[in-house]
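# Descriptive structure summary
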Amino acid sequence: MNTIIETLQQLVGNPHVLTEDLDHYVTDWRKRAKGKALCVVRPGTTAEVAAVVRACGAAGVSIVPQGGNTGLVVGSIPDDSGTQVLLSLQRMNAVRAIDGQNLTITVEAGCVLQNLQTAAEEAGFLFPLSLGSEGSCTIGGNLSTNAGGTQVVRYGNTRELCLGLEVVTAEGDILNGLVGLRKDNTGYDLRDVFIGAEGTLGIITAATMKLYPMPAATLTAWAAVPGMTEAVAFLGLAHRYLGAGLTGFEVMNQFSLSLVDKHYPQLRVPLWKETPWCVLLENADSESEQHARERFEALLEAAMEAGCVTDAVVAGSMAQARNLWHIRESITLAQAEEGLNIKHDISIPISSIPEFVQVTDAELAANIPGARFVDFGHLGDGNLHYNVQAPEGEDFKAFQNQYEDRINDIVYQSVQRYGGSISAEHGVGELKVDRLPEHKDPVALDLMRRMKRAFDPRNTLNPGRVIRA
Ligand SMILES: Cc1cc2nc3c(=O)[nH]c(=O)nc-3n(C[C@H](O)[C@H](O)[C@H](O)COP(=O)(O)OP(=O)(O)OC[C@H]3O[C@@H](n4cnc5c(N)ncnc54)[C@H](O)[C@@H]3O)c2cc1C
């Protein structure tokens, strides 16, 4: 009788079933966890994915789908049993079609986000999803985590950018939902069920995504703000002055920028030394550069008059704008250079963020001596990356063993008090699966568990992630 590895070799070809040198596939991006795979299988077509799922189901072997392996909640690597098959979508990376009149692009799940952006741009359109990991993450991973990123304030999360999906179900059937329709009320929305499911309900093999017209001009500014209360007031002004032109509104605390300055001094972070917080904002204008500049200048003037902004620079060229975004996107990398840290990807109603930060900072400082706070995030979406770094020079492992649970308790209980979510955009994975029952409505959890059983009765797909079956 064939072993499952031999069966998979017959299905996708020997070169696409890997059993050696798997470190890259089984180690998570943060190097916080490392699993062990029976093998890595790299199908090249949807039919091959379906055949692999059927074979694994029949053999009682579970599957962990993987795109770019940039997820931050330990969801895309196998457990350490050595019995799971890791299914990489990397080879399925084609752009299948662009429909300029319907404003859609259809791509395979393994298409790297940056390549999707480029394909759209070459056709004269904007695909607005943008993340620090865009050079490696894939659209299948973005959909499966419902990724957010830096343009959500204008264009929404990945969910809002998706019109249709092709999915291989846990039974190995192919659901062809690659529609380019903006309206379709023919029953339950199955597309929305697979988005954000982190590979636990089906394997996304292709997607039809929305495209947008390119803006006529895009301007970027960097502003010093005296506190979080002023940052939120500044956001209100930005909505008022820029309307739908406001495409990004990011906040960064001084310590997070000091890490970028320390590890990437060539990026020359502006204004950070003189202010506790900086804001990076973007204005995309459909009229002209002059129109964009006038509106931006009016906003900054009003913000300075109101005392929300103490100083600001507007990028004078695309290169300068790119550098400002590069600084923001380098925070995750700079804190990784500094050492492991305890991450919280949280969302809070925007109006409560200043009080949340003040109260939670004080509680952590009182309980965790010397802890350093790397606070930054997508303020326009009420999403903070509220991370805690060990005291300078302290061994992270010792710090983690002593304080991780306490820190998480303090942060998550505070999030709950302010009506927030313990996972804004990164997902649940393995990292937060046991925290969910404490923070999610019990009826919602029960329905989620029943959905998992209905969609994946044998618990083949990414077991133990998101919800325990
Ligand atoms: C530097 C950096 C910056 C980041 N910035 C952001 C940010 O701004 N916003 C944000 O939301 N995230 C961010 N992330 C997190 C991460 O990049 C996103 O979660 C991304 O969407 C993951 O895509 P991926 O292809 O790497 O997925 P993976 O990490 O491979 O997988 C993520 C999850 O999706 C599942 N999965 C992957 N592909 C499929 C598929 N085809 N079908 C079914 N399930 C699948 C996996 O099993 C896993 O559960 C960042 C990460 C890094 C390293």
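As a starting point, this report considers the structure included with it. As the structure is a prediction and not an experimental result, all values here were calculated from the model. (Residues numbered from 1 in each chain as written. Predicted model: local features only at pLDDT ≥ 70, side-chain atom pairs only at ≥ 80, totals over all residues. Heavy atoms only, no water.)

## Thoughts on the overall build of the chain
Threshold: Note on conventions: DSSP H or I runs of at least 4 residues are helices, E runs of at least 2 residues are strands, and numbering of each starts at the N terminus. Here the radius of gyration uses the C-alpha set of atoms, whereas the globule reference equals 2.2 Å times the residue count to the power 0.38. Accessibility here uses a 1.4 Å probe with only protein chains present; expressed as a share of the type maximum, an area under 20% marks a residue as buried, one over 50% as exposed, and anything in between as partly exposed. We call two residues in contact when some of their heavy atoms are within 4.5 Å.
Across its full length, the chain carries 17 helices and 19 strands. In summary, the chain has a C-alpha radius of gyration of 23 Å against a globular reference of 23 Å for 469 residues, a match within 12%. Counting every position in the chain, which comprises 469 residues, the buried fraction comes to 54%. Within the chain, contacts between residues separated by at least 24 positions form 72% of all contacts whose residues are at least 6 apart in sequence.

## Considerations on the packing of aromatic side chains
Where we set the bar: Stacked, tilted and edge-to-face pairs are distinguished by plane angle, under 30 degrees for stacked and over 60 for edge-to-face with tilted covering the rest, among Phe, Tyr and Trp rings (Trp via its six-membered ring) whose centres lie within 6.5 Å.
Counted according to the given criterion, the structure contains six aromatic pairs. Summarising the aromatic geometry, the rings of Phe234 and Phe249 are spaced 5.4 Å apart at their centres and angled 65° between planes, so their arrangement reads as edge-to-face. A residue pair is termed long-range when its members are at least 10 positions apart, and Phe234 in helix α9 (residues 228-242) and Phe249 in strand β13 (residues 246-253) qualify at 15 residues. Each of the two residues, Phe234 as well as Phe249, counts as buried. Members of the aromatic cluster, joined through ring pairs, are Phe356, Tyr386 and Tyr418.

## A closer look at helix α1 (residues 4-12)
Let me state the cut-off plainly: Comment: arc refers to directions from the helix axis out to C-beta atoms.
For α1, the set of buried residues is Ile4, Leu8 and Val12. Each buried residue of α1 lies within a common arc of 50° when the element is viewed along its axis, so the set occupies one face. Contacts made by the buried residues of α1 are with β1 (17-18), β2 (37-41), α3 (46-59) and β4 (84-88).

## Considerations on the site of the ligand
Quick note on the threshold: To be near a molecule or strand, a residue needs just one of its heavy atoms within 4 Å of it. Each residue gets one label: Ala, Val, Leu, Ile, Met, Phe, Trp, Tyr, Cys and Pro are nonpolar, Asp, Glu, Lys and Arg are charged, and the others, such as Gly, are polar.
Neighbouring the ligand are 36 residues; Pro65, Thr70, Gly71, Ser133 and Thr138 lie closest to it. Mapped by element, the contributors of at least two residues to the shell around the ligand are β3 (63-66), α5 (139-145) and β10 (202-210). The biggest single contributor to the shell around the ligand is α5, with five residues. Grouping the constituent residues of the shell around the ligand by class yields ten nonpolar, 24 polar and two charged.

## Examining the sheet that holds strand β8 (residues 162-169)
Stated formally: DSSP calls a pair of strands paired once it identifies at least 2 bridges connecting them. Lines fitted to C-alpha atoms define the axes, with helix axes restricted to the stretch in contact, and inter-axis angles between N-to-C directions lie between 0 and 180 degrees.
As summarised here, the arrangement of the five strands in space is β5-β6-β10-β8-β9, forming an open sheet in which the pairing is antiparallel. Only two strands of the sheet have a single neighbouring strand rather than two, namely β5 (95-99) and β9 (174-177). Averaged over all neighbouring strand pairs, the angle between strand axes comes to 15°, with direction disregarded. In this sheet, β10 lies alongside strand β6 (residues 104-108) in antiparallel orientation, the contact comprising five bridges. Paired with Ile105 across the strands is Met209, a residue of β10. In the packing of helix α4 (residues 113-122) onto the sheet, contacts are made with β5 and β6, and the angle to β6 comes to roughly 145°.

## A word on the sheet that holds β3
One open sheet accounts for four strands, arranged β1-β2-β4-β3; its pairing is mixed. Only two strands of the sheet have a single partner each, and these edge strands are β1 and β3. Summarising the sheet, β3 and β4 pair through four bridges and their orientation is parallel. Its bridge partner lying in β4, Gln66 is registered against Ser88. Across the face of the sheet, α1 comes into contact with β1, β2 and β4 while running at roughly 5° to β2.

## What to know about the side chain of His378
Among the secondary structure elements, His378 is positioned in strand β18 (residues 372-378). For His378, a relative accessible area of 3% gives the class buried. Ignoring any residue separated from it by four or fewer positions in sequence, one finds His378 in contact with Gly149, Thr150, Phe249, Glu250, Arg328, Asn383, His385 and Glu425.

## Remarks on a negative patch on the surface
Rules: Patch definition: residues above 30% relative accessible area lacking any salt bridge, with like charges linked at up to 9 Å and the nonpolar side chains Val, Leu, Ile, Met, Phe, Trp and Tyr linked at up to 5 Å. Here the Shrake-Rupley method, with its probe set to 1.4 Å, supplies the accessible areas, and only the displayed protein chains count as covering residues. Put simply, a salt bridge is a Lys or Arg side-chain nitrogen that is within 4 Å of an Asp or Glu carboxyl oxygen. Positive charges come from Lys and Arg, negative ones from Asp and Glu, while His and the chain ends are left out of the count. One atom stands in for each charge, and that atom is NZ of Lys, CZ of Arg, CG of Asp or CD of Glu.
On the surface, a cluster of negative charge is contributed by Glu294, Glu297, Glu301 and Glu305. Checked against the element boundaries, Glu301 lands in helix α11 (residues 289-305). Look at Glu301 and you get exposed, because its relative accessible area is 53%.

## What to know about unusual backbone geometry
Glycine aside, residues mostly have negative phi, and peptide bonds are mostly found in the trans state. Positioned with a positive phi, Val74 is a non-glycine residue whose angle comes to about 55°. Within the element layout of this structure, Val74 appears in the loop between β3 and β4. Of the residues examined, Val74 reaches a relative accessible area of 6% and is grouped as buried.

## So, the state of the cysteines
Selection criterion: Cysteine sulfur pairs qualify as disulfides if the two atoms are within 2.5 Å.
Tallied over the full model, the rule gives zero disulfides. Here Cys278 is not cross-linked by a disulfide; its sulfur's nearest cysteine counterpart is in Cys308, at 15 Å. Exposure remark for Cys278: the relative accessible area of 1% places this residue in the buried category.

## Thoughts on α11
To be explicit about the condition: Multiplying 1.5 Å by the helix residue count minus one yields the expected span of that helix.
With 17 residues, α11 ought to run about 24 Å at 1.5 Å a step, and its terminal C-alpha atoms sit 24 Å apart, in line with that. Within α11, the full set of buried residues consists of Ala292, Phe296, Leu299, Leu300, Ala302 and Ala303. One side of α11 carries all its buried residues, which in axial view fall inside an arc of 160°. Exposed positions of α11 whose direction lies more than 90 degrees from the buried face are Gln290, Glu301 and Glu305. Against β12 (217-225), α9, β14 (277-285) and β15 (311-314) lie the buried residues of α11. Backbone geometry just after α11 places Gly307 at a positive phi near 80°.

## Side note on the environment of Glu425
Put simply, the test is: Pairing of N or O atoms within 3.5 Å defines a polar contact, subject to two protein rules: one partner must be a possible hydrogen donor and the other a possible acceptor, and residues neighboring in sequence count only if both atoms are side-chain atoms.
Along the chain, Glu425 turns up in the loop between α15 (396-417) and α16 (436-439). The exposure class assigned to Glu425 is buried, which follows from its relative accessible area of 10%. If we skip the residues at most four places from it in the chain, Glu425 touches Thr145, Asn146, Ala147, Gly148, Gly149, Asp345, His378, Asn383 and His385. Among the polar contacts made by the side chain of Glu425, one reaches the side chain of His385 at a distance of 3.0 Å.

## Focus: the pattern of salt bridges
Scanning the model with the defined rule gives 18 salt bridges in all. Here Arg293 and Glu289 are joined by a salt bridge, their closest N and O atoms 3.0 Å apart. Of this pair, Arg293 and Glu289 both sit in helix α11, four residues apart, roughly one helical turn. For Glu430, the salt bridge is made with Arg465, and the minimal N-O distance between the two is 2.9 Å. Of this pair, Glu430 sits in the loop between α15 and α16 while Arg465 sits in the segment after α17 (442-455), and the two are 35 residues apart along the sequence. Accessibility expressed as a relative area gives 37% for Glu430, which makes it partly exposed. A residue is classified by how much of its surface remains accessible, and Arg465, at 2% relative accessible area, is buried. What emerges from the salt-bridge pattern is a single network uniting Arg159, Asp189, Arg191 and Asp192.

Function cannot be inferred from these measures alone, as they are strictly geometric.
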